[in-house]
Amino acid sequence: MKRIVYFWALIFIALSCEDAIDVDLNDSEPKLVIEATVTALVDGSSNATVRLTTTAPFFDTQIPFVDSASVLISSSDGQSYPFTYTDEGLYVNTDLNPSFGISYTLQVIYQGETYTATTTLISAVPLEFVEQRNDGGISGEDIELKAFFTDPAGVENYYFFEGLSTKGNVFDAYDDRFFDGNPIFGFYLIEDIEPGDTVLFNLHGVDEQFFNFMITLLQQSTDLSDGPFETQPATVRGNIINTTNSDNFPLGYFRISELFSLEYIVQ
Amino acid sequence: MPAFSQQIVILLFFLGSLSIYTQNKFTLSGTVSEQETGEILIGVNVLIPSLQTGAITNEYGFYSITLPEGDYQVFFSSMGYASQRIDISLTQNIEKNISLTMDMEQIDEVLIKADIEKLNIRKPQMSVNTLTINTIKQIPAVLGEVDVLKAITMLPGVTSAGEGASGFNVRGGAADQNLILLDEATLYNSSHLFGFFSVFNPDAIKDITLYKGGIPARYGGRISSVLDIYQKDGNKKQLKAKGGIGIVASRLLLEGPIKKDTASFLVGGRSSYAHLFLPLFDNDNVAFFYDLNAKVSYNLDKKNRLFLSGYFGRDVFSIADSFENSFGNTTLNLRWNHLFSEKLFSNLSLIFSDYVYGLELSIVDFDFDSGIRNLNLKYDFTHFISEKLDLRYGINSIYYKFNPGDIRPTSETSGINPFKLIDKFAFENAAYIDAEAQIAENLFIQAGLRLSTFNRLGQDELNVYANDNPILFNEALQIYQKAKPIDTLSFNRSETIKSFANLEPRFAVSYQLNETSSIKASYNRTAQYIHLISNTTSPTPFDIYAPSGKYIDPQLADQVALGYFKNFENYSLEVETFYKKVKNRLDYVDDADLIANNAVEQILLSGEARAYGLEVLFRKREGRLKGWIAYTLSKSQQRTPGRNPSEIGINNGQWYNAPWDKTHDISITGQYSFSEKWSFGANFIYQTGQPTTFPIGQYIFNDIVVPIYEARNRSRLTAFHHLDLSATWTPQPNSKKRWKSEWVFSIYNAYNRKNAASISFRENTDINRNEAVRLSIFGVIPAITYNFKF
């Protein structure tokens, strides 16, 4: 909702001009980035991947991969799930099928340091249907898609929403304090979308900490963080800590989400 | 004994010694107004050269001076008016009301001018600038719209966070630390349209005074500055109209007598219509503002005057059908001037003020409203005890209601639940006394004390936390997290949840070195009880005010200033240096979400701020060429260490530059009267680039490119500078017709400098590379305004 609310900043941008310029930036030492995501689908299948990369200088076009780490998830019910490297920094495990009520601990060992995080499976709700409107957006001419779901009442829920297509992706995070118990939607607006395009909508169940993490990430990466409305940016921390050397903290997050997907073909 | 009660003892001693003086004394008093309109004049110099003394008319045009029995020549003089001399034989109290006639080419006897200047350099009041509306009107402005706030940013020590920023910053202070008064009523938002225009209609304004330091005891509630603006009362002699048509906005003002010489009214309106051009940019959106100023003044009799003034302003934005936003101030005030005697002037004000912010998001089908409403009673007395002593004292009482937000679904199918953020109530009171006295032949002091209190009143559902701790520090992750309330308590409106009291000493001294120069020094402590909750570079209209209470302490500031003042032939020089320290400045944790947050105490920490600098103002007030050069060298920083050694605080507890910190700030403005038909104006502004936080790397998460950042505000944007020019053409300067007009041609940013309002770092999805994108708001903008009066 917060990002919708910054729409009005766009009038202001209409009156001004933007151009790309050269800026000299300092570069920090590379930091490890751990993107550990386990998703469980309602049909019983699941996906467990850990992508390891490092930070790179801001204007570089390549992000370095990490292929020399060891990755393991262990669960509170005594199971152990090792991850195998495939390529491009991606480590995969095909056996892990998360259950509610069990806590899972991630362990990554890289360059002699150990990184860990613990989390549980968070539920989501099904995406029910998609509503399309052809006169949306600021210009009044764009195709707007709303993917509806119904939030469970009386429980604090947080969601991570994705709208993916070859024409462009939309990411957003929601917290249900304003729509608890009601039908609500994930909003998708990409200017180049045309009838016949396919959009895959994903709704992941996440916890409050991931919600705060994602909201900040999205704010820092989008072009709505412009001018006097920008908040003071700071490098955002996730839920993974370095148990060997606490100052060398990793970036990224370890989450386990129930995932509901809905594929939609634009009319 | 404590320092301030020592001050009181010294003061009483001098009061006592001055009243022992036994020679017969009488008082000369009265009101000074403008001959043509009956408008009362503020700041008129009343001089008695034979005694080397004088007085100045107050905000209501009243003066009073007590002298020994005798014969005197008394001169009344003010910039832009012909001076007047009266001869009096002071053998009893005399009341003399004076009318001054306008004279743009005023030629004062050299003697008078020197005496006026001496009067100003003797006054202990320093760190103050007064601008008349005529001066402000001659400063070229963006889009041809005369702007009071842009004019004050041309003064030393005053800056803003950027071209698109609303609000202004004084001596390194934040935008919510300025007390903005319009006819004594407090305004909460001083700008329209993202800060491009101020809320002040220049045709309705008489006079503005900005106190940057040495803030007199009669002002309180904000710690950095006071911008005191007085509106005109309305022409008491004739019905007149005045207005202007510009490319972005137009205005019209009507004023006239209700009863000749006794009662008058003034009604003015202003509206922008630039949004009508937006369809040219393929944009069907709406962005406009409008203002309404109204006033009625009534002279009941020789000792009583009544004023009723009102202001109503709104900004409206809407995007297609999805979004509509409107916000603005409303104020209504009733004032009663009463003369208890020729030595005791009083003003009683009753003020109602309402600031509302409303948002209608039809995309998601809900309305959001928030606001702050207050009722204010002020009773101020000026007691002209003798020619060596003036006393001011009074009380001020404000009752606040804060509505942090009310969310209402607008349709049955809306997915949003109604939600009301809890209303907050508070009661702020103050009592003050201030004495301005001549201690020795060349030594003048102003010593004041203000006692302010703040009671946070009962409300529903106040959160209660374990150990009274609303914000927790997670040591493993090194981040701050919100604490969950363990309970909520409801209180009766008349109960007090928390109260604060502060003594605010205000002290200033001036020492006259010789006929034309003096040095001045001041110290003031100020307290602020309401805070703008905002973590953006400059205030946005979403930002709400929160009162101090159980989890938020009042801000306290201490400022010392030292200055040197010199008058030359036609020129004046003011050099000041200041140091300011602020305690309890709020700062926000890194991912703070402030919008519609019912528990802001869970995301804020208390920090400190400091600012120091050197200001130079070199001004020419007379002659064909008038203007000034202002230079400020300063630093403004903030720091929020952790609450104990194991916490990291914000930005690792290190000092960081405030978003409005500008190392160098040069403002040059000049107005040249070429002939009766033509006059020209120019501004040049140069400022060090605004602080900003640059990335020092990037990573990818979930297919999103994310920057990693250096320490807060460690870098700077490029330097900000622009040149503005204007030319005013009066086609028939000597016309005897009723309709008078002039054309103003202006160019803002004449050499089209692309000043960076911000630099954002992001991925360019077309080329799959990251880039730095500079946003610049105003390129070269020519404008034409047609001003008229009849």
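Residues numbered from 1 in each chain as written. Chains lettered and ligands numbered in written order. Predicted model: local features only at pLDDT ≥ 70, side-chain atom pairs only at ≥ 80, totals over all residues. Heavy atoms only, no water.

Per the secondary structure count, chain B includes 4 helices and 53 strands. In terms of C-alpha radius of gyration, chain B reaches 27 Å, essentially the compact-globule figure of 28 Å for 790 residues. With the principal axes as the frame, chain B shows a C-alpha extent of 90 × 65 × 50 Å. In chain B, buried positions account for 61% of the 790 residues. Within chain B, counting contacts between residues at least 6 apart in sequence, those at least 24 apart form 66% of the total. By element, 57% of the accessible surface of chain B is carried by carbon and sulfur atoms, the whole surface being about 30700 Å². One way to put it: in chain B the 77 positive side-chain charges average out to a point 5 Å from where the 82 negative ones average out. (Helix = DSSP H or I, 4+ residues; strand = E, 2+ residues; numbered from the N terminus. Rg over C-alpha atoms; globule rule 2.2 N^0.38 Å. Buried < 20%, exposed > 50% of the residue type's maximum accessible area, 1.4 Å probe, protein only. Contact = heavy atoms within 4.5 Å. Areas by Shrake-Rupley, 256 points an atom, 1.4 Å probe, with all protein chains shown as cover. Lys, Arg positive; Asp, Glu negative; His and termini not counted. Charge placed at Lys NZ, Arg CZ, Asp CG, Glu CD.)

A few words now on the sheet that holds strand β52 (residues 769–776) of chain B. Within a beta sheet, neighbouring strands are joined by backbone hydrogen bonds and run either parallel or antiparallel to one another. As summarised here, the arrangement of the 3 strands in space is β1(A)-β52(B)-β51(B), forming an open sheet in which the pairing is antiparallel. The open sheet is flanked by β1 (17–21) of chain A together with β51 (758–764) of chain B, the only strands paired with a single partner. Taking the axes of each pair of neighbouring strands and ignoring which way they run, one obtains an average angle of 35° across the sheet. With 5 bridges joining them, β1(A) and β52(B) adopt antiparallel strand pairing. Looking across to β52(B), one finds that A:A20 is bridged to B:V773. (Pairing = 2+ DSSP bridges. Axes fitted to C-alpha atoms, helices over the stretch in contact; angles between N-to-C directions.)

Bringing the pattern of salt bridges into the picture now. Evaluated as defined, the whole model comprises 40 salt bridges over all chains. Among the ionic pairs, A:K167 bridges to A:D197, the shortest N-O distance being 2.8 Å. Placement of A:K167 in the loop between β12 (158–164) and β13 (170–175) and of A:D197 in the loop between β14 (183–189) and β15 (198–206) is noted, with a sequence separation of 30 residues between them. Judged by relative accessible area, A:K167 falls into the partly exposed class, the value being 31%. Residue class for A:D197 comes out buried when judged on its relative accessible area of 14%. Here B:E39 and B:K206 are joined by a salt bridge, their closest N and O atoms 3.3 Å apart. Here B:K206 lies in strand β16 (residues 205–211) and B:E39 lies in the loop between β1 (25–34) and β2 (45–48), a separation of 167 residues in the sequence. Across the pair, exposure class does not vary: B:E39 and B:K206 are buried alike. (Salt bridge = Lys/Arg side-chain N within 4 Å of Asp/Glu carboxyl O.)

Turning next to helix α3 (residues 208–221) of chain A. In an α-helix, one full turn covers 3.6 residues, which means residues spaced three or four apart are oriented alike. Residues and elements named next belong to chain A. Between the first and last C-alpha of α3 there are 20 Å, a value that for 14 residues agrees with the 20 Å anticipated at 1.5 Å per step. Of all the 14 residues making up α3, 10 are buried; the element is thus mostly covered by neighbouring parts of the structure. Three or more residues of α3 are buried, namely F210, F211, F213, M214, I215, T216, L217, L218, Q220 and S221. (Expected span 1.5 Å × (residues − 1).)

Let's shift gears to the interface of chain B and chain A. Chain B puts 83 residues into the contact, and the matching count from chain A is 85 residues. When the two sides are added together, the surface that chain B and chain A hide from each other amounts to roughly 7800 Å², 63% of it contributed by carbon and sulfur. Here chain B is connected to chain A by 3 salt bridges. In this structure, B:R774 engages A:D19 in a salt bridge whose closest nitrogen and oxygen atoms are separated by 2.8 Å. Considered class by class, the residues forming the side of chain B that touches chain A number 44 nonpolar, 25 polar and 14 charged. (Buried area = accessible area lost by both parts, 1.4 Å probe. Nonpolar A, V, L, I, M, F, W, Y, C, P; charged D, E, K, R; others polar.)

Another aspect to go through is the nonpolar core. Judged by nonpolar contacts, the single largest core of 70 residues is most densely connected at A:L145, A:Y188, A:F201, B:I372, B:Y400, B:I416 and B:I530. When residues in this core are grouped by element, the largest group, 5 residues, is from strand β11 (residues 142–150) of chain A. If sequence neighbours within four positions are ignored, B:I530 has contacts with B:Y188, B:R222, B:I372, B:Y400, B:F402, B:F454, B:Y545, B:A546, B:P547 and B:Q555. B:M154, B:I180, B:L182 and B:V199 belong to the second-largest nonpolar core, a separate cluster that totals 30 residues. (Core = buried A, V, L, I, M, F, W, Y, C linked by side-chain atoms within 4.5 Å.)

A few words now on the confidence of the model for chain A. Residue and element names in this part refer to chain A. The pLDDT averaged across chain A works out to 87; a share of 90% of its residues lies at or above 70. The low-confidence segment residues 1–9 (pLDDT under 50) makes 33 contacts with residues lying over four places distant or belonging to another chain. A low-confidence stretch, residues 223–228 stays under pLDDT 50, and its non-local contacts, those more than four residues away or across chains, total 21 contacts. (pLDDT = per-residue confidence, 0-100.)

Moving on, we come to unusual backbone geometry. Working note: non-glycine residues mostly have negative phi, and peptide bonds are mostly trans. Residues and elements named next belong to chain B. The phi dihedral of E184 falls on the positive side, at around 75°, and the residue is not glycine. Position of E184 among the secondary structure elements: in the loop between β12 (178–182) and β13 (185–186). The backbone phi angle of Q478 is positive, close to 55°, even though this residue is not glycine. With respect to the element layout, Q478 can be found in the loop between β31 (471–474) and β32 (479–482).

Bringing the pairing of strand β6 (residues 84–90) of chain B into the picture now. Residue and element names in this part refer to chain B. One ladder, built from 7 bridges, connects strand β5 (residues 70–77) with β6; its direction is antiparallel. Its bridge partner being in β6, D71 is matched across the sheet by S89. Turn length for the β5-β6 hairpin, with the two strands adjacent in sequence and antiparallel, is 6 residues, and the turn residue G80 shows positive phi of about 90°.

So, about a positive patch on the surface. Together, B:K240, B:K736, B:R738, B:K740 and B:K789 line one region of the surface with positive charge. Along the chain, the position of B:K736 falls in the loop between β49 (720–729) and β50 (740–748). (Patch = residues over 30% accessible without salt bridge, like charges linked within 9 Å, V, L, I, M, F, W, Y side chains within 5 Å.)

As a further point, take the side chain of B:S77. All names here are of chain B. Positionally, S77 belongs in strand β5. Residue S77 is classed as buried on the basis of its relative accessible area, which comes to 1%. Side-chain polar atoms of S77 contact the side chain of S83, separated by 3.4 Å. (Polar contact = N/O pair within 3.5 Å; in protein donor to acceptor, adjacent residues only side chain to side chain.)

This next bit is on the sheet that holds strand β10 (residues 127–136) of chain A. Residue and element names in this part refer to chain A. Sheet architecture is open: 3 strands sit in the order β10-β11-β14, paired in antiparallel fashion. The sheet is open, and its two edges are formed by β10 and β14, each paired on a single side. Taking each pair of neighbouring strands and ignoring which way they run, the sheet shows an average axis angle of 25°. As defined by bridge partners, β11 adjoins β14 across 7 bridges and the pair is classed as antiparallel. Bridging from a neighbouring strand, A147 pairs with G186 of β14.

All names here are of chain B. A grouping of I258, V296, L308, L332, L334, L350, F352, L375, L377, Y399 and F427 is seen on the molecular surface, where their side chains present a nonpolar patch of about 920 Å² in accessible area. Elements with a minimum of two residues in the nonpolar patch: β23 (323–341), β24 (344–361) and β25 (366–386). In this fold, I258 is placed in strand β19 (residues 249–259).

Turning to the side chain of B:K242, a few remarks are in order. All names here are of chain B. Its place among the elements puts K242 in strand β18 (residues 240–245). Salt bridges are absent for the buried K242, whose nearest opposite-charge side chain, D203, sits at 4.6 Å. Here K242 is in contact with K137, D203, K232, R251, L252, L253, F788 and K789, once residues within four sequence places are set aside.

This part covers the packing of aromatic side chains. Applying the stated criterion to the full structure yields 53 aromatic pairs over all chains. Between B:Y786 and B:F788, the ring centres sit 6.3 Å apart and the planes meet at 35°, which makes this aromatic pair tilted. We classify B:Y786 as buried; its relative accessible area is 19%. On the basis of relative accessible area, B:F788 is assigned to the buried category, the value being 11%. A network of ring pairs unites the aromatic residues A:F160, A:F171, A:F210, A:F213, A:Y253 and B:F701 as a single cluster. We note B:R335 situated over the ring of B:F307; from NZ or CZ to the ring centre the distance is 5.0 Å. (Phe/Tyr/Trp six-rings, centres within 6.5 Å; stacked < 30°, edge-to-face > 60°. Lys NZ or Arg CZ within 6 Å of the ring centre and 35° of its normal.)

All names here are of chain B. Judged by how many residues are buried, strand β20 (residues 263–272) sits mostly within the fold: 7 of 10 residues are covered. One ladder, built from 10 bridges, connects β19 with β20; its direction is antiparallel. Residue pairing for β20: R251 is matched across the bridge by R270. Between the end of β19 and the start of β20, which pair antiparallel, lie 3 residues, with D261 showing a positive phi angle near 65°. Relative to strand β21 (residues 286–301), β20 runs antiparallel, the two sharing 9 bridges. Looking at β21, one finds that F265 is bridged to V296.

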